[in-house]
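Chain and residue survey
Spelled out, the chains give:
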Amino acid sequence: MQAAKTYKVIIPYSESANPRKKFKIEYTVAAVDRESALKKAEREFDSYADYNSASWVRSIEREGIRIWKLLPDMPQTPEHIDELAKRLDSDDEDIVYNSLKALGEIEDSAASSQIIGVFRHKNSELVALAVETLGRIGDPSNLGAIRNLYKPGGNPRVKASVVAAMGRLALPDDDIVGFLTRALQEEDSRVRANAIEAIEKLDLPDVARLLLPMLSDEDNRVRANVIKALWNKEDHDQLLEALKIMASDDNPWMKTSAVFVLDKVNIPGRLELLADMAAEAHPKIRQNARDALFRQTGIECIPWWLETVENDEEFAKIADKVARMGEKALSTILAFQGQSETSRRYAALLLDLLEQQVLRSSGWISWLKTKQKRLFKTT
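Reading guide: rules and limits
Residues numbered from 1 in each chain as written. Predicted model: local features only at pLDDT ≥ 70, side-chain atom pairs only at ≥ 80, totals over all residues. Heavy atoms only, no water. Core = buried A, V, L, I, M, F, W, Y, C linked by side-chain atoms within 4.5 Å. Buried < 20%, exposed > 50% of the residue type's maximum accessible area, 1.4 Å probe, protein only. Helix = DSSP H or I, 4+ residues; strand = E, 2+ residues; numbered from the N terminus. Contact = heavy atoms within 4.5 Å. Salt bridge = Lys/Arg side-chain N within 4 Å of Asp/Glu carboxyl O. Polar contact = N/O pair within 3.5 Å; in protein donor to acceptor, adjacent residues only side chain to side chain. Axes fitted to C-alpha atoms, helices over the stretch in contact; angles between N-to-C directions. Parallel < 35°, antiparallel > 145°, perpendicular 65-115°, else oblique. Left-handed = near helix turned anticlockwise from the far one by under 90°. Nonpolar A, V, L, I, M, F, W, Y, C, P; charged D, E, K, R; others polar.

A few points about the nonpolar core
One broad trend across soluble globular proteins is that nonpolar side chains are buried collectively. Counting 102 residues, the largest nonpolar core has Ile115, Ile146, Val162, Leu211, Trp305 and Ile333 as its most contacted members. When residues of this core are assigned to their parent elements, the largest contribution, eight residues, is made by helix H5 (residues 124-137). The contact partners of isoleucine 146, leaving out residues within four places of it in the chain, are Phe119, Val131, Leu134, Val162, Ala165, Met166 and Leu169. In terms of nonpolar packing, the next biggest core, distinct from the first, is built from 14 residues, Tyr27, Val29, Leu38 and Phe45 among them.

Here's what the structure looks like:
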């Protein structure tokens, strides 16, 4: 579930009683994205109109709507955002870079025309960043300008950014299947991997025919994206076999991508696989696997967490999850034997945590019952 962000929405409107006069109303709303923020603001606008019994009608001037994300140390007004967008004309590439990054964070589509102007920049990295910025802003009306950048023989970095942005901006009725099919055949692995992610986001039909052959792709990210995209659409046997090959590959990047899949997809046995890979000698694989294991949720994770945790920082990650589980986690921890002194010590700390939580929430009688369960190992 996406976390809600704070958006400012300015809705310009006119009134039938005086159609030549223009008005604006501002709303501050919490929403997961710009589209949701606009819908919330429009509901408030409409509810006021429904409540008001005046005979005149208020009409939204849609071309003038402004939506942006409110962030600390970022422009808070349309005027300041417009000033930021003007910096994209600078000859200083650092200024252009920082302005694009900020505009991507703010998500105000009013800057789109200035961002599209960066497409003509001689620095392909800035062109790619401009495309990514429009993708983050999320205005589907920019899809055509972005698509036009994708040319045979074009810069691979730019093409990869175009594919990723189109995955964010395309609407269900946009005909981009042919475009993404061609992108799957590109020489650059970033383009292929981004095309698979776009296909998954858009939930295109009949994707197995396109993607299954790519399980043997030489690139680790491409293979991982195929497994993730097809897991809920295709028979699992072939996907599991491909994942096992990745997890046992001598190439550490293949193993790292296998961890990525295990983190994102509820594959049978994934806790055991993550726990195994959390003991890998390669530091990148080891850390990614540990982080992924500690991100999982559910009571069944507790024994795997306890056998893996090595320090108080890692323990804090699981203690918070167990605290939210409450007494439901008690029987699992009581049944835990522990293969090392470290795991048994952290299990005891979890029991201490649950005891104190019961005492605070339910009183000393419930605490005493919990204590008895612990002393006599009953569930």
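Here's the deal with the pattern of salt bridges
Side chains that carry opposite charge are capable of pairing whenever their charged atoms lie near each other. Counted by the stated rule, this structure contains 24 salt bridges. Where lysine 8 meets glutamate 26, a salt bridge forms, and the shortest distance between an N and an O atom there is 3.7 Å. Of this pair, lysine 8 sits in strand S1 (residues 5-15) while glutamate 26 is found in strand S2 (residues 18-31), placing the two residues 18 residues apart along the sequence. For lysine 317, the salt bridge is made with aspartate 291, and the minimal N-O distance between the two is 3.5 Å. Residue lysine 317 is found in helix H17 (residues 312-325), and its partner aspartate 291 is found in helix H15 (residues 283-295); the two are separated by 26 residues along the sequence. Relative accessible area serves as the criterion here: at 35%, lysine 317 is assigned to the partly exposed category. Among the charged side chains, a salt-bridge network with shared partners connects Arg286, Arg290, Glu310 and Glu314.

Describing the environment of aspartate 291
By relative accessible area, aspartate 291 is classed as partly exposed at 22%. Distance from aspartate 291 to isoleucine 115, taken between C-alpha atoms, is 36 Å for residues 176 residues apart in sequence. Of the polar contacts made by the side chain of aspartate 291, one reaches the side chain of lysine 317; its length is 3.5 Å.

Quick notes on the packing of helix H3 (residues 93-106) against H5
It is the contact of H3 with H5, at a shortest axis distance of 8 Å, that shows an interaxial angle of 15 degrees. What the angle tells us is that H3 and H5 run roughly parallel. Read as a crossing pair, H3 and H5 show a hand that is left-handed. For the pair H3 and H5, the contacting residues are Glu93, Val96, Tyr97, Leu100, Lys101, Leu103, Gly104 and Glu105 in the first and Leu126, Leu129, Ala130, Thr133, Arg136 and Ile137 in the second. Split into classes, the residues belonging to the contact of H3 with H5 amount to eight nonpolar, two polar and four charged.

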